[in-house]
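Analysis of the macromolecular model
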Amino acid sequence: MSTAARLAGFGAVAVVVFAVALLVGKAAGPVGAGEPAPTHDTHAGAPDVPGDGDHRVHVTPASGAGQPGGLQTARDGYALRLADDRAEAGPAVPVRFTITGPDGEPVTSYDVQHEKQLHLIAVRRDLTGFQHVHPVLRGDTWTTELALTPGSWRIFADFKATGAAALTLGTDLAVDGDFRAATPRGERRTSEVDGYRVTLDGDLSAGADAQLALSVSKDGEPVTDLEPYLGAYGHLVALRAGDLAYLHVHPDGEPGDGTTEPGPEVVFHTTVPSDGTYHLYLDFKHDGVVRTATFTIGAGGTAHGADGAVGHEGDEHGESSGHTH
């Protein structure tokens, strides 16, 4: 058979294969067809799950098609864009960024969620640094200052553009300087910060609603006069070890509802997407100061480390974990 004849025969076969594949693809439908749409981060504006009237907040950490929150820099046409993805270490490092919309232009209209238009969470990837701040929108650019140590930081923007679904987007910020990653330690259910002791009771289970009760005391006495912060008596962020998948949850009830007590216990409900280790950060306000307590617990009986020690080696928060602002 001549070369021309062989090529002609090959082309005919390719056309037939392509046609069959096209028919199969149309019959199967788009990827994900028939699967339920993911729910969104309740903190960022999705409706509460109807319940028994106890105002519980149930959160499924989805902020993308099948993806937990914060893993994507862009989604649904929206993108988080840092003005500079590198910075020098310092106690007040200026950080500027924009959120661009489906038209490619910066978004300037946002819905207020939990008293703010946008929540920015900054976490060093070895989990030795955590900050929760609320940038200011000047024109089309968000601006804030962060206390940054050398290393790789993950920046999360939690927001709801007006007329759009709530989103949590994430991106990395490299901070120059000498860096030595901290060694992860084991499960931690007690945190001490500025003389306060916070204990965590409850367990996580992948795909199931979990109740976490965090109790605050000071000098051995229960704190019964916690102050509202962002419309609640506590504010909890959870990050999955490894990829830093993001959950943002809020507690049962709210200040002034006639049933929710201002401490010592703050109760949260959440659902984690998988087994593994989760790092939790509780913001609470007392005597006019917001403090952060940190915890590490496992889902599915899993937690990094086996010695039961707290914190991280080299963690600047250490046993006095957390920060004040």
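Not measured: the values here are computed from a predicted model.

Once that is clear, we can look at the overall build of the chain. Helix and strand content of the chain: one helix and 21 strands. With 325 residues in all, the chain has 47% of them scored as buried. Once local pairs closer than 6 in sequence are excluded, the contacts in the chain between residues at least 24 apart make up 66%. When the accessible area of the chain is evaluated, it comes to approximately 15,100 Å², of which 53% is carbon and sulfur surface.

The five strands lie next to each other as S3-S10-S9-S5-S6, forming an open sheet whose pairing is mixed. For this open sheet the edge positions go to strand S3 (86-88) and strand S6 (130-133), each flanked by a neighbour on one side alone. Averaged over neighbouring strand pairs, the angle between their axes works out to 25 degrees when direction is ignored. The sheet contact formed by strand S5 (residues 118-124) and strand S9 (residues 151-159) spans seven bridges and is antiparallel. Bridged to histidine 119 within S9 is aspartate 158.

Attention shifts here to the pattern of salt bridges. Tallied over the full model, the rule gives eleven salt bridges. The salt bridge partner of arginine 124 is aspartate 126, with a shortest N-O separation of 2.8 Å. A residue is classified by how much of its surface remains accessible, and aspartate 126, at 10% relative accessible area, is buried. One salt bridge in this structure joins glutamate 192 and arginine 197, with 2.4 Å as the shortest N-O distance. Judged by its relative accessible area of 38%, arginine 197 is partly exposed.

The rules behind each value
Residues numbered from 1 in each chain as written. Predicted model: local features only at pLDDT ≥ 70, side-chain atom pairs only at ≥ 80, totals over all residues. Heavy atoms only, no water. Helix = DSSP H or I, 4+ residues; strand = E, 2+ residues; numbered from the N terminus. Buried < 20%, exposed > 50% of the residue type's maximum accessible area, 1.4 Å probe, protein only. Contact = heavy atoms within 4.5 Å. Areas by Shrake-Rupley, 256 points an atom, 1.4 Å probe, with all protein chains shown as cover. Pairing = 2+ DSSP bridges. Axes fitted to C-alpha atoms, helices over the stretch in contact; angles between N-to-C directions. Salt bridge = Lys/Arg side-chain N within 4 Å of Asp/Glu carboxyl O.

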